[in-house]
Amino acid sequence: MSSKNNIICLEQDIHTIKQRFFRVNQGRYQRCLDQLSFKQQFILETISLLFHINHSFLPGFVDESTPCGFHGFKPTIKQVDSLKSFNRNFNYSPKFVHDADLCSLFVMGSCGSIAQNSQSDLDFWLIHKQDIPAQHIYNLEQKAEKIESWAEKFNLEVHFFIMSAEDFKAKKVGKLSSEHSGSAQHLLLLDEFYRSCILICGSYPVWWLVPCDKELEYEQYVKSLNDKGSLGYRETIDLGSTMPLAIEELYGASVWQLCKAIDSPYKSILKSILLEYYVQENHELILLSQEFKQRIHQNTINLNQLDAYLLLYEMVENYYKRTNQTQRLSIFRKSIYLKLNLKLSISNSKVKNWRRSVISELIENWQWTADDIKTLDNRAQWSIQNILNEKKSVLNELSYCHRLLSKKCHKQNIKLSDTDLNILSRKLYSVFDKKNEKIDLINPGICKDVTHCNTYIYEVKTKKTQQSIWSVYEHPIDINSEKLPTPIKRSFSLVDIWLWLYMNGLFIDNKHIGFSSSSHQIDKQKQSQLYLIFNNHIQPFNKRSKHEEFESKSSIKNITILINALNEPLAELSQKGLLKLSHLNDSFNFSAQHDNLIETIDIIIQNSWNETYTFHFESQEALAQCIKHYLNIITDNHNWVQPSIHVGCNTQNQYIQERFESLFLQIRHSFFQQNNSQFILNIRSFLTIISKQDGKYFVENCKHEVMLFDFLNNNKIKSTQIYFEKKCSEKLLTPKLNKLHQTDSITVFIEHISSQILVYIIDESDHILRYKSNHTNFTTLIKSLDQFIYNTKNNATHTFTEFYKIEYNLKETLIHPVQVPDNVLMPQPFDVNIFLDKDAHQNLIYSININDKQFHSFDYDESVFSKAAEYLITLRTEKASYWIYINSLALSNTLNNANDSTVYYLKHKLSIEQRLNQAIEIKKSLNSLE
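Here the residue numbers are simple positions, counted from 1 along each chain's written sequence. A pLDDT threshold of at least 70 governs which residues receive local features in this predicted model, and a stricter bar of 80 or more applies before side-chain atom pairs are shown or counted, although totals over entire chains, interfaces and linings include all residues. Side-chain numbers here rest on the full set of heavy atoms in the structure, without hydrogens or water.

Engineer: Is there a simple way to explain the overall build of the chain in this structure?
Structural biologist: Going along the chain from the N terminus, every DSSP run of H or I of four or more residues is numbered as a helix, and every run of E of two or more is numbered as a strand. Of the regular secondary structure elements, the chain holds 29 helices and 29 strands. In terms of overall size, the chain is more extended than a compact globule, its C-alpha atoms giving a radius of gyration of 42 Å where 930 residues would be expected to give roughly 30 Å. Overall, the C-alpha framework of the chain stretches about 140 × 70 × 65 Å when taken along its three principal axes. Considering only contacts within the chain whose residues lie at least 6 apart along the sequence, 68% involve residues at least 24 apart. Total accessible area on the chain stands at roughly 45,200 Å², and carbon and sulfur atoms take up 47% of it. C-alpha atoms define the radius of gyration in this analysis, and the globule rule sets the expected value at 2.2 Å times the number of residues to the power 0.38. We call two residues contacting when some pair of their heavy atoms lies within 4.5 Å. Surface accessibility follows the Shrake-Rupley procedure with a 1.4 Å probe radius. Residue values consider only the protein chains on display as shielding.

Engineer: Even after reading the chapter, I still don't get unusual backbone geometry, so can you show me in this structure?
Structural biologist: Residues other than glycine predominantly adopt negative phi, and peptide bonds predominantly adopt the trans conformation. Pro-244 follows Met-243 through a cis peptide bond whose omega is -5°. Looking at the element boundaries, Pro-244 is found in the loop between β6 (236–237) and α8 (247–260). The residue Asn-610 is not glycine, and still its phi comes out positive at about 70°. Mapped onto the elements, Asn-610 comes out in the loop between β14 (600–607) and β15 (612–618).

Engineer: What is the right way to look at the sheet that holds strand β1 (residues 102–108) in this model?
Structural biologist: Within a sheet, neighbouring strands are paired by backbone hydrogen bonds and run either parallel or antiparallel to one another. One open sheet holds the four strands; their spatial order is β3-β2-β1-β4, and the pairing between them is mixed. A single partner strand is all that each edge strand has here, and the edge strands are β3 (158–164) and β4 (198–202). Across the sheet, the mean angle from the axis of one strand to that of its neighbour is 20°, orientation sign disregarded. Alignment of strand β2 (residues 122–128) against β3, held across seven bridges, turns out to be parallel. By the bridge assignment for β3, His-128 is matched with Ser-164. In this analysis, axes come from line fits to C-alpha atoms, helices being fitted only over the stretch in contact, and the angle between any two N-to-C directions falls in the range 0 to 180 degrees. The strands that helix α2 (residues 38–52) touches are β1, β2, β3 and β4; relative to β2, the one it contacts most, it runs at about 25°. Together, β1, β2 and β4 form the strand contacts of helix α6 (residues 187–196), whose direction differs from that of β1 by roughly 85°. Between any two strands, pairing holds if DSSP finds at least two bridges.

Engineer: Just checking my understanding: could you explain the sheet that holds strand β17 (residues 678–683) for this structure?
Structural biologist: Spatially, β19-β18-β17-β20 is the arrangement adopted by the four strands of the open sheet, whose pairing is mixed. Each having just a single partner strand, β19 (696–702) and β20 (722–724) make up the two edges of the open sheet. Recorded for the sheet is a direction-independent mean angle of 25° between the axes of neighbouring strands. Sheet analysis places strand β18 (residues 686–693) next to β19, joined by seven bridges and oriented antiparallel. Bridge pairing in β19 links Ile-689 to Glu-700. With respect to the sheet, helix α22 (residues 653–673) is in contact with β17, β18, β19 and β20, its orientation differing from that of β17 by roughly 155°. Seen against the sheet, helix α23 (residues 705–714) touches β17, β18, β19 and β20 and runs at an angle of roughly 15° to β18.

Engineer: Just to check I follow, could you spell out the confidence of the model for the chain for this structure?
Structural biologist: You can read pLDDT as the predictor saying how much it trusts each residue, on a scale of 0 to 100. The predicted model of the chain averages 86 in pLDDT, with 91% of residues at 70 or higher. Mean pLDDT per element in the chain: helix α20 (residues 571–575) is the minimum at 54, and strand β5 (residues 204–205) is the maximum at 97. Across residues 1–8, where pLDDT falls below 50, the model places two contacts with residues more than four positions away in sequence or in other chains.

Engineer: How should I be thinking about the packing of helix α9 (residues 265–280) against helix α13 (residues 326–340) in this particular structure?
Structural biologist: Each pair of packed helices can be described by the angle between their axes along with the distance between the axes. Where α9 meets α13, the axes come as close as 8 Å, and the angle between the chain directions of the two elements is 135°. Considering their axes alone, α9 and α13 lie oblique with respect to each other. In terms of crossing hand, the pair formed by α9 and α13 is left-handed. Seen from α9, the contacting residues are Tyr-266, Lys-267, Ile-269, Leu-270, Ile-273 and Glu-276; seen from α13, they are Arg-328, Phe-332, Ser-335, Ile-336, Leu-338 and Lys-339. Residue polarity is assigned by list, with Asp, Glu, Lys and Arg as charged and Ala, Val, Leu, Ile, Met, Phe, Trp, Tyr, Cys and Pro as nonpolar; anything else, Gly included, falls into the polar class. Residue composition of the contact of α9 with α13, grouped by class: seven nonpolar, one polar and four charged. Oblique is the label for any angle not covered by the other classes, which are roughly parallel (under 35 degrees), roughly antiparallel (over 145) and roughly perpendicular (65 to 115). In this scheme, a crossing is called left-handed if the near helix is turned counterclockwise away from the far one by less than a right angle; it is called right-handed if the turn is clockwise.

Engineer: Would you take a moment to explain the pattern of salt bridges for this structure?
Structural biologist: Proximity of charged atoms lets side chains of opposite charge pair with each other. Each reported salt bridge corresponds to a side-chain nitrogen of Lys or Arg within 4 Å of a carboxyl oxygen of Asp or Glu. The full count for this structure, using the stated rule, is 26 salt bridges. Its salt-bridge partner being Lys-321, residue Glu-317 comes within 3.7 Å of it at the nearest N-O pair. With Glu-317 and Lys-321 both in helix α12 (residues 308–322), this residue pair falls four residues apart, about one helical turn. Beyond isolated ion pairs, a larger network of salt bridges with shared partners links Lys-169, Glu-219 and Asp-238.

Engineer: Where do I start with the environment of Lys-334 in this structure?
Structural biologist: Within the element layout of this structure, Lys-334 appears in helix α13. On a C-alpha basis, the gap between Lys-334 and Tyr-266 in space is 8.6 Å, while along the polypeptide they are 68 residues apart. In the analysis that follows, any N or O atom pair within 3.5 Å is treated as a polar contact, provided that within protein one partner can donate a hydrogen and the other can accept it, and provided that, for residues neighboring in sequence, both atoms belong to side chains. Of the polar contacts made by the side chain of Lys-334, one reaches the side chain of Glu-390; its length is 2.8 Å.

Engineer: Would you take a moment to explain empty space enclosed by the protein for this structure?
Structural biologist: To find leftover empty space, a probe the size of one water molecule is rolled over the atoms. Buriedness of a pocket was judged along seven lines, with at least five required to meet protein on both sides within 12 Å; pockets are open sets of points on a 1 Å grid over the protein atoms alone, cavities are sets where a 1.4 Å probe fits but cannot get out, and lining residues have an atom within 4 Å of a point. Grid points are joined across faces, edges and corners, and a volume is the space filled by probe spheres set on the points. Per the counting criterion, the structure on display carries four cavities of 30 Å³ or more. The calculated volume of the second largest cavity comes to roughly 70 Å³. Along its surface, the second largest cavity is lined by Gly-109, Glu-192, Arg-195, Ser-196, Lys-271, Ala-308, Tyr-309 and Leu-312. Looking at the lining of the second largest cavity, the elements that each hand over two or more residues are α6 and α12. When grouped by side-chain class, the residues that make up the lining of the second largest cavity number three nonpolar, two polar and three charged.

Engineer: Honestly, helix α4 (residues 134–152) in this entry has me stumped. Any pointers?
Structural biologist: Each full turn of the α-helix corresponds to 3.6 residues, which orients residues three or four apart in the same direction. In this analysis, the expected span of each helix is defined as 1.5 Å times one less than the number of residues it contains. The end-to-end C-alpha distance of α4, which contains 19 residues, comes to 27 Å, matching closely the 27 Å that a straight helix rising 1.5 Å per residue would cover. Restricting attention to buried positions, one finds in α4 the residues Ile-137, Asn-139, Leu-140, Lys-143, Ala-144, Ile-147, Glu-148, Trp-150 and Ala-151. For α4, the secondary structure elements touched by its buried residues are α2, β1, β2 and β3. Here's how the labels work: a residue is buried when its accessible area is under 20% of the maximum for its type, exposed when over 50%, partly exposed in between, all with a 1.4 Å probe on protein chains only.

Engineer: Quick question: what am I supposed to make of the side chain of Ser-196 here?
Structural biologist: Relative to the assigned elements, Ser-196 resides in helix α6. Look at Ser-196 and you get buried, because its relative accessible area is 3%. One polar contact links the side chain of Ser-196 to the main-chain amide nitrogen of Gly-109, over a distance of 3.1 Å. Of note is the side chain of Ser-196, whose polar atom sits 2.7 Å from the backbone oxygen of Glu-192.

Engineer: Help me out: how do you make sense of the state of the cysteines in this one?
Structural biologist: The criterion for a disulfide is a pair of cysteine sulfur atoms lying within 2.5 Å. The final tally for this structure, using the stated rule, is zero disulfides. A disulfide-free cysteine, Cys-649 has its sulfur positioned 15 Å from the sulfur of Cys-626, the nearest such atom.

Engineer: Just to check I follow, could you spell out the nonpolar core for this structure?
Structural biologist: Grouped burial of nonpolar side chains is what soluble globular proteins tend to show. Counting residues in each nonpolar core, the largest one holds 133 residues, and the members touching the most others are Trp-125, Leu-239, Leu-250, Tyr-278, Trp-498, Leu-501 and Phe-534. Beyond its immediate sequence surroundings of up to four residues, Trp-125 is in contact with Ser-104, Leu-105, Phe-106, Met-108, Phe-161, Met-163, Phe-168, Leu-189, Phe-193 and Leu-239. If you look at the next biggest cluster of nonpolar residues, it comprises 42 residues, including Tyr-771, Leu-785, Leu-889 and Tyr-905. Buried residues of nine kinds, namely Ala, Val, Leu, Ile, Met, Phe, Trp, Tyr and Cys, make up a nonpolar core once their side-chain atoms join them within 4.5 Å.

Engineer: Before we go on, may I ask you to explain the pairing of β2 in this structure?
Structural biologist: Along any regular strand, the residues point their side chains to alternate faces of the sheet. Along β2, seven of the seven residues are buried, which leaves the element largely enclosed by surrounding structure. Along β2, one buried face is formed by Leu-122, Phe-124, Leu-126 and His-128 and the opposite face, lined by Asp-123, Trp-125 and Ile-127, is buried too. Relative to β2, β1 is paired through six bridges, and the arrangement is antiparallel. Within β2, the residue paired with Met-108 across the bridge is Asp-123. Handedness of a crossover: with both strands directed away from the viewer, a clockwise path from the first strand across the helix to the second marks it as right-handed. In this region the chain leaves β2, passes through α4 and returns to the parallel neighbour β3; the handedness of that crossover is right-handed.

Engineer: I keep staring at the packing of aromatic side chains and nothing clicks. Help me out?
Structural biologist: Given two aromatic rings, one states the distance between the centres and the angle between the planes to describe the pair. The aromatic pairing rule takes the rings of Phe, Tyr and Trp, using the six-membered ring of Trp, and pairs them if the centres are within 6.5 Å, calling planes under 30 degrees apart stacked, those over 60 edge-to-face and the rest tilted. A complete count under the given rule lists 46 aromatic pairs for this structure. On the numbers, 5.8 Å between centres and 15° between planes, the contact of Trp-470 with Phe-515 is stacked. Placement of the pair is Trp-470 in strand β8 (residues 468–473) and Phe-515 in strand β10 (residues 514–516), with a sequence separation of 45 residues. By relative accessible area, Trp-470 is classed as buried at 3%. Judged by centre distance (5.5 Å) and plane angle (45°), the rings of Tyr-502 and Phe-534 are tilted. Here Tyr-502 is found in helix α18 (residues 494–503), whereas its partner Phe-534 is found in helix α19 (residues 524–537), with 32 residues between them in sequence. Its relative accessible area of 5% is what places Tyr-502 among the buried residues. Taken together, Tyr-277, Tyr-278, Tyr-313, Tyr-319, Tyr-320, Phe-332, Tyr-337, Trp-366 and Trp-368 form an aromatic cluster joined through their ring pairs.

Engineer: Would you explain the environment of Glu-291 in this entry?
Structural biologist: With respect to the secondary-structure elements, Glu-291 resides in helix α10 (residues 288–297). Separated by 46 residues in sequence, Glu-291 and Leu-245 place their C-alpha atoms 15 Å apart. Once you skip the residues sitting within four places of it in the chain, Glu-291 turns out to touch Ile-286, Leu-311 and Met-315.

Next comes the structure, spelled out in structure tokens:
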């Protein structure tokens, strides 16, 4: 046969194949229309004309520069008349189209298939020419968004994916979004497009014409069609071939389907199982799109035999039967039935018969009973337990598919960008990751909602400790029964229970929830108050976070703190109609009994991924533990979040609210604005210290202020890094001392009580020391301290020292400055100077210099203090028994540190003086025995 005859035959074949595709296309288009309401049909029928022209009278108009016009497109009279409904003055003219910038408009997915129903959305692919300026493409995207919004008014959800054929073929993928799969799948998306698309207007895919056995030679075949002149000008568009399919692409598609399962679990199961089929049949793989095309090329134009979902069912069923996976085939059949949402047990003449007929024939082969069908059709009324069981089954199936794909795919070659993988992983983590404190999702798209479910909350006591456990049931139970049924939810926190109900749509306003408790009375008013708090501050699961939130790590969105949410402090008095009155109205330290009115605290944290956590605190430690936990959370978040504070009790409600709000403002000021390391407040009769160490917060309790000084001293805490809560600072001495101290100076406070003298020192580095002095005379004490500080530190640092005396009257504490006297007769008529060192084993080495005589550890070893004591006794006047004090202290290089402050030296001074005076007393006792 001549080459001319070959070309004629080829053109005849192309014409025949093209006509078959257009016939199938028209049949699918009509099926798609039949599933839409009259107004929705109007949208589908006019949408091509909306993109064909730019006109200010029509929906979606942006400006005249927006790309428009399909080559060769001629609107029908019906389309033009329909658009006149927007403006009677509108008249179509071909002059509206300056350039045919647009190539094709397709709709794809379930449309026109057995899976399309009244809730189905329409996904459009709008293909434009490649050489269009970026600003004009942006205008086209804006126009598409406006048309999407317009369609919403008719209860039709549409999405537009805008691209050039060249960019798509080059895999220049769009940004990942809630609707766009980004880099997660490319050939798989093209596979779905080719087997399900309906051409609305414009150029048809040249892929239609490429025989399946030529797919691996796709480029050469298309080139030959063009070279031979078989294709008209802009007759086709080229989106590329689906072959060869890279197995590594299946992994990204699997992750994408796991994410889509959050809202559409049964659709995701179908597509995940298809991915499994593709990976398992890799060596003899025939894609669904290839099977679809092959059948048309072989003159099969029966729409049911070409239906995208029926094709999927046919191939997967054969795969499961061949591999003897009966149980999984049952799950697959159930998933496809629920996805179709036909409800065969309910007679409905409005539903088109062809869909019901096809699925009825399939179910007859599956040998389902009427009860099986009725159970699935009654999904909207499933119990919580049924939903939870179904959730487990769905997740198990999806996880099985994903694990299998993970094993088969070489992860180093995954066709998924790191950015997209991170986003998809975060979405999965936010919904399905389980933690003790995290509120878990009951219903990931299994039912439309769960508001029909009844719930009952019961308080159950543990046998050993009688601690309350709150349990949720779907039916009333006998709480006194020896063996209680397993609840659907249990928690030690009652707020956690109510929040779980709210997040999952089970706790809505004015809905009755059964409640049984021996310790709590929760009426409708209390429930309404709790619901109002949740509704104002907490986003439930049915309100998803925006896709953009997953582009970065999660951050705290809001924090809600509930105080005594469902508790009433001093309940016994309140029940008797009594109220404890006291001028001591501090909520944390109330009345002469030092009652802490904070019985329970619940922190609710919701982050940008809509993860919600609850933390429950109760007993007298609740407040301190709440603050510690809150600060650790905020530190991890790297940003202060002011909590929303709510008090649930009636007792002292306003005082508690104001006290808490003031407390958290002070905490913010202390730790995040002044960078303090300690925050001290008074809870009951205790001083509670919130300490910051290495970026973490800890809690310590001191029974009184003396213990507080010991704590501050032992932990080398600087006075300038201490913040005293206002109520606390009114009662304590420490904040008053801090107020008088100036940084870089040394401040000494002397308190003379009865027969003892107390010394408080805040040094140049703001370290604090408190000790009981053995001096009995106020004047000689300050003189000896002044000499020691001057001899030891001031020679080098020239640090200024101030002395104060502390006195009390009936109303207040009086602190006033005192001068160091010049001429004071000191009881100790000799000098004691110490030099301190360390040996190789880190043992202290003492050199005690008394006047001109030296006592060294090298000479006397452990008896150095005893020898020095003997000499000191000889220097004392007869019967003198004054306290021996040190005049100066020097440290060796091994002990000395440029950062060592006066308090560090004073601690050594007090220790050495104690040992010297003890040695003197021992020597005196021994001498008296002789």
